[in-house]
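# Residue-level structural notes
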Amino acid sequence: MERKIGTVSRGVRCPIIREGDALADIVVTSVLEAAQSEGFELRDRDIVAVTESVVARSQGNYASVAAIAKDVEQKFGKDATIGVIFPILSRNRFAICLKGIAAGVKKVVLMLSYPSDEVGNELVSFDQLDEHGINPYSDVLTLETYRKLFGENKHPFTGIDYVAYYSSVIEEAGAEVEVVFANDPKAILQYTKNVLTCDIHTRARTKRLLKAAGAEKVFGMDDIMNASIEGSGYNEKYGLLGSNKATEDTVKLFPKECQDFVLDIQKQLLDKTGKHVEVMVYGDGAFKDPIGKIWELADPVVSPAYTEGLEGTPNELKLKYLADNDFAELSGEALQKAIKESIQKKDNDLKGNMASQGTTPRKLTDLIGSLCDLTSGSGDKGTPIILIQGYFDNFTN
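It should be emphasised that the depicted structure is a prediction, and the values quoted were computed from it without experimental measurement. (Residues numbered from 1 in each chain as written. Predicted model: local features only at pLDDT ≥ 70, side-chain atom pairs only at ≥ 80, totals over all residues. Heavy atoms only, no water.)

Moving on to the state of the cysteines. The full count for this structure, using the stated rule, is zero disulfides. We note that C14 lacks a disulfide partner, and the nearest cysteine sulfur, in C372, lies 14 Å from it. Using a relative accessible area of 0% as the deciding quantity, one classes C372 as buried. (Disulfide = S-S within 2.5 Å. Buried < 20%, exposed > 50% of the residue type's maximum accessible area, 1.4 Å probe, protein only.)

Structure follows, in structure tokens:
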């Protein structure tokens with residue numbers, strides 16, 4: 001019978017993962033048991049994806065607030081005044097990191113981007129800026145000016161006034177706090193020459209601009225906890241980027257080197273099933289909420305490790321383009337045959353081909369990771385493993 005189903009994404013349940021667990025073995029066993037339970041078989045080029053959180057948990061990759069404070073103190077000095085600029089507004093992602101940062105210095109000048117943070121959490125709206133004649137590209141606002149113009153602004157989802165909340169986190173950690181609002185990183189240099197830049201995807205540019213403008217010490221979140229502090233976890237490449245709150249006094253860091261982990265799963269599945277399955281570790285997907293305007297991507301990358309077959313971008317023809325243009329005079333079986341022949345004969349690289357326009361020119365791992373993140377969710381589904389079948393199929397399969 002002709003196949004009628006294309007891509008299928010399944011959440012796979014597994015035991016609760018703890019530090020030291022043989023995660024690769026657990027993933028393989030869970031996938032094979034799910035296949036037997038649900039009555040399906042693995043196929044070549046299926047994809048098994050594992051959320052980064054359980055990988056980091058199995059690695060025991062945690063750091064305490066005290067370790068963060070010690071690292072910050074070592075880099076800036078205990079009596080330093082530092083600029084903490086462009087953090088995202090998140091209790092889960094940043095507040096506990098800020099607690100450690102503030103505990104390591106004397107004063108924090110907190111510079112928030114506006115009208116929103118890097119991932120779309122709004123402090124104010126563009127309409128409010130227009131109403132008061134504020135130019136976010138050039139104007140630097142003090143806390144007094146911000147409050148006078150905009151008052152208290154609570155996050156629509158969390159109900160938190162992050163300006164007040166972050167200020168209280170800094171003060172409770174024992175540091176002085178001053179809050180300003182600006183989008184030019186160089187604006188912080190009017191307050192201090194020592195800067196910790198907390199942006200995620202623009203961090204390299206921010207560091208470059210600050211150093212060129214005369215900053216004396218410049219570090220990013222990726223430079224904090226990039227080595228172990230007294231036996232703590234760490235991430236050599238990403239530091240605190242991609243971390244999440246674990247407890248009131250610890251963060252779970254982004255998983256460390258895990259290429260061997262994905263290769264182990266791939267080999268085990270090949271040995272047990274004879275099928276060549278692709279494997280990846282995934283974090284936040286790369287998509288935007290149309291209502292809240294929040295980008296999901298707060299991790300430094302969607303996938304920190306993946307097997308070779310997931311390298312690259314899609315190479316697909318747009319079926320509706322072929323139907324409306326190349327084969328506009330055809331219909332029914334003749335149209336299907338013509339389109340299938342076009343797919344079978346397509347070039348290995350369709351860049352610039354009009355018939356591929358509108359297909360998403362994103363990395364495969366970003367697309368697949370987004371599908372995984374949406375499938376697993378971030379709550380109580382209990383499916384940290386995702387099995388995707390048929391992703392690489394097309395209309396001819």
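Attention now goes to helix 1 (residues 23-38). End to end, helix 1 covers 22 Å across 16 residues, agreeing with the expected 22 Å (1.5 Å per residue, within 8%). Every buried residue of helix 1 is accounted for by L23, A24, I26, V27, V28, S30, V31, A34 and A35. Check the buried side of helix 1 and you find it contacts strand 1 (8-12), strand 2 (47-51), helix 2 (52-59), helix 9 (259-273) and strand 14 (385-389). Trailing helix 1 by a residue or two, G39 shows a phi angle of about 75°, which is positive. (Helix = DSSP H or I, 4+ residues; strand = E, 2+ residues; numbered from the N terminus. Expected span 1.5 Å × (residues − 1). Contact = heavy atoms within 4.5 Å.)

Once that is clear, we can look at the nonpolar core. General note: in soluble globular proteins, nonpolar side chains tend to be found buried as a group. Core analysis: the biggest nonpolar cluster contains 54 residues, and V84, F94, I101, F181 and L240 have the highest contact counts within it. Residue assignment for this core shows that the elements contributing at least two residues are helix 3 (65-76), strand 4 (81-85), helix 4 (91-103), strand 5 (107-112), helix 6 (143-150), helix 7 (162-172) and strand 7 (176-181). Here this core gets seven residues from one element, more than from any other, and that element is helix 4. Apart from the residues within four sequence positions on either side, L240 is in contact with I68, C97, M221, I224, M225, V251 and L253. (Core = buried A, V, L, I, M, F, W, Y, C linked by side-chain atoms within 4.5 Å.)

The omega angle of the peptide bond from Y114 to P115 is 10°, so this bond is cis rather than trans. Mapped onto the secondary structure, P115 falls in the loop between strand 5 and helix 5 (126-132). The residue R45 is not glycine, and still its phi comes out positive at about 70°. Counting through the fold element by element, R45 comes out in the loop between helix 1 and strand 2.

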